[in-house]
Amino acid sequence: MTISDYPLSIQKSRCIAVANQKGGVGKTTTAINLATAMAAVRKKILILDLDPQGNASTGLGVRHDQRAINSYHVLIGENSISEAIVETSIPGLHVVPSGVDLSGAEIELVEFEDRLFRLKTALAERIDDYDYVLIDCPPALGLLTVNALTAANAVLVPLQCEFFALEGISHLVRTIERIKKSYNPDLEIQGIVLTMFDSRNNLSDAVASDVRQYFGDIVYETVIPRNVRVSEAPSHGKPVLLYDTRCAGSQAYIHLASEVLKRESRLHA
Ligand SMILES: Nc1ncnc2c1ncn2[C@@H]1O[C@H](COP(=O)(O)OP(=O)(O)O)[C@@H](O)[C@H]1O
Ligand SMILES: [Mg+2]
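Residues numbered from 1 in each chain as written. Chains lettered and ligands numbered in written order. Predicted model: local features only at pLDDT ≥ 70, side-chain atom pairs only at ≥ 80, totals over all residues. Heavy atoms only, no water.

Novice: Please provide a residue-by-residue account of the overall build of the chain, values included.
Specialist: Helix and strand counts for the chain stand at 12 helices and eight strands. In terms of overall size, the chain behaves like a compact globule, its C-alpha atoms giving a radius of gyration of 18 Å where 269 residues would be expected to give roughly 18 Å. C-alpha atoms of the chain, sized along the principal axes, occupy 55 × 50 × 40 Å. Counting the 269 residues in the chain, one finds 52% classified as buried. Across the chain, every contact between residues at least 6 apart in sequence was considered, and the portion connecting residues at least 24 apart equals 79%. Counting every atom, the chain has about 13100 Å² of accessible surface; 52% of that belongs to carbon and sulfur. One way to put it: in the chain the 26 positive side-chain charges average out to a point 5 Å from where the 32 negative ones average out. (Helix = DSSP H or I, 4+ residues; strand = E, 2+ residues; numbered from the N terminus. Rg over C-alpha atoms; globule rule 2.2 N^0.38 Å. Buried < 20%, exposed > 50% of the residue type's maximum accessible area, 1.4 Å probe, protein only. Contact = heavy atoms within 4.5 Å. Areas by Shrake-Rupley, 256 points an atom, 1.4 Å probe, with all protein chains shown as cover. Lys, Arg positive; Asp, Glu negative; His and termini not counted. Charge placed at Lys NZ, Arg CZ, Asp CG, Glu CD.)

Put into structure tokens, the structure is as follows:
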């Protein structure tokens, strides 16, 4: 038996874009806590902060002086991704922070012929160092999100349990289908996660059952409850998983991470 007879056991890196064009639906919270939960089971994770607001960077305790080289410079080609990567206090979890310059990037990117693939190209240099790259997308379907969707293998969609949730998501699903057809044939929806679920609110229940009826198994079983500890954590520069591991929000994100990893191993073993 030679080495080539062994099955390849090296897991290929996977890139998951956390996307929804609506703001305030839990993208950043989900990216940060999913990443933290995955890092806790010894996965090597890179979070790419693609929102000019920089909430993922702040929520992971990245100082402003550590953001001098950020995702803007990487996209524009001024710096390599290696120069932008910052370590966090969580072992195995690295970040490419964002910066305010990123808000102008949509316009600057138009100049480049390869404007739809700049992130994918830049990521290639380091993607093999990680098990998962999670992209925290901005609340729009412009060039930044499109760059995330061409770079990604899969999309994870946080959906807030509120009225009109389904209408917003159908636009996103159409965009994903379009990108898949034209630029990234392997792109898939990893799943839809219901966020900020309020068990005292009948609307939350109604929205959750509508979404499940419409999307079926794509919707994760795990539902993220509305939880005050989750909203407190970012001001401490920590994922809620570190801020209060036992709270309902943290426990839900641990379940979500295990569901995501289970789907990954089923689909891409
Ligand atoms: N499960 C939750 N319970 C309570 N507050 C939450 C929860 N998830 C997110 N939040 C809060 O809601 C706001 C929007 O969440 P965020 O993750 O930043 O959304 P997005 O990235 O989609 O704009 C933030 O202030 C965040 O702390
Ligand atoms: Mg955000």
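Novice: Give a detailed account of the layout of surface pockets, specifying residues and quantitative values.
Specialist: There is about 500 Å³ of room inside the largest pocket. For the largest pocket, the lining is made up of 29 residues, of which Gly26, Thr28, Thr29, Met196 and Val230 are closest to its centre. The element contributing the most residues to the lining of the largest pocket is helix α1 (residues 27-40), with five residues. By residue class, the composition of the lining of the largest pocket is 13 nonpolar, 12 polar and four charged. Around the second largest pocket, the lining is made up of 17 residues, and of these Ser13, Lys120, Ile127, Ala151 and Asn153 lie nearest the centre. (1 Å grid on protein atoms, 1.4 Å probe; cavity = no way out; pocket = protein on both sides within 12 Å on 5 of 7 lines; lining within 4 Å. Points joined across faces, edges and corners; volume = space filled by probe spheres on them. Nonpolar A, V, L, I, M, F, W, Y, C, P; charged D, E, K, R; others polar.)

Novice: How would you explain the sheet that holds strand β7 (residues 188-197) if you had to name every residue and give the values?
Specialist: Taken together, eight strands build an open sheet; the order of strands is β3-β4-β2-β5-β1-β6-β7-β8 and the sheet is mixed. The open sheet is flanked by β3 (86-87) and β8 (219-225), the only strands paired with a single partner. Taken together, the two bridges between β3 and strand β4 (residues 93-96) define a ladder with antiparallel strand orientation. Looking at β4, one finds that valine 86 is bridged to valine 95. In the packing of helix α9 (residues 202-215) onto the sheet, contacts are made with β6 (154-160), β7 and β8, and the angle to β7 comes to roughly 170 degrees. (Pairing = 2+ DSSP bridges. Axes fitted to C-alpha atoms, helices over the stretch in contact; angles between N-to-C directions.)

Novice: I'd like a rundown of the site of ligand 1, residues and numbers included.
Specialist: Among the 14 residues in the neighbourhood of ligand 1, the closest are listed as Gly24, Thr28, Thr29, Pro225 and Asn227. Between ligand 1 and valine 25 there is a distance of 3.1 Å, counted from an oxygen atom to a backbone nitrogen or oxygen. Here an oxygen atom of ligand 1 sits 3.0 Å away from a polar atom, N or O, in the main chain of glycine 26. Against a free-state accessible area of 560 Å², the protein chains account for coverage of 81% of ligand 1. (Near = heavy atom within 4 Å. Polar contact = N/O pair within 3.5 Å; in protein donor to acceptor, adjacent residues only side chain to side chain.)

Novice: If you had to explain a negative patch on the surface to someone new, which residues and values would you point to?
Specialist: A cluster of acidic residues, Glu78, Asp101, Glu108 and Glu111, forms a negative patch on the protein surface. Positionally, glutamate 78 belongs in the loop between α3 (71-76) and α4 (81-84). The exposure class of glutamate 78 is exposed, given its relative accessible area of 54%. (Patch = residues over 30% accessible without salt bridge, like charges linked within 9 Å, V, L, I, M, F, W, Y side chains within 5 Å. Salt bridge = Lys/Arg side-chain N within 4 Å of Asp/Glu carboxyl O.)

Novice: Can you break down the nonpolar core residue by residue, with the values?
Specialist: Counting residues in each nonpolar core, the largest one holds 52 residues, and the members touching the most others are Leu46, Leu48, Leu50, Ile81, Leu123, Val133 and Ile135. Setting aside chain neighbours within four positions, we find isoleucine 81 in contact with Leu46, Leu48, Val74, Val96, Ala122, Leu123, Glu125 and Arg126. Ranked by size, the runner-up nonpolar core spans 30 residues in total, among them Ala37, Ala56, Ile90 and Ala154. (Core = buried A, V, L, I, M, F, W, Y, C linked by side-chain atoms within 4.5 Å.)

Novice: Please give an account of the pattern of salt bridges that cites residues and values.
Specialist: Taken as a whole and assessed by the stated rule, the structure comprises 10 salt bridges. Between arginine 118 and aspartate 114 there is a salt bridge, with the nearest N and O atoms lying 3.0 Å from each other. Taken together, the shared-partner salt bridges in this structure form one network comprising Arg14, Glu188 and Glu264.

Novice: Would you mind going over empty space enclosed by the protein in detail, with residue names and values included?
Specialist: The final tally for this structure, using the stated rule, is one cavity of 30 Å³ or more. Taken as a whole, the largest cavity spans an internal volume of roughly 60 Å³. In terms of lining, the largest cavity is formed by Asn20, Lys22, Val25, Leu159, Gln160, Glu162, Phe164, Ala165, Gly168 and Ile169. Secondary structure elements with two or more residues in the lining of the largest cavity: β6 and α8 (165-182). Within the lining of the largest cavity, the residues separate by chemical class into five nonpolar, three polar and two charged.

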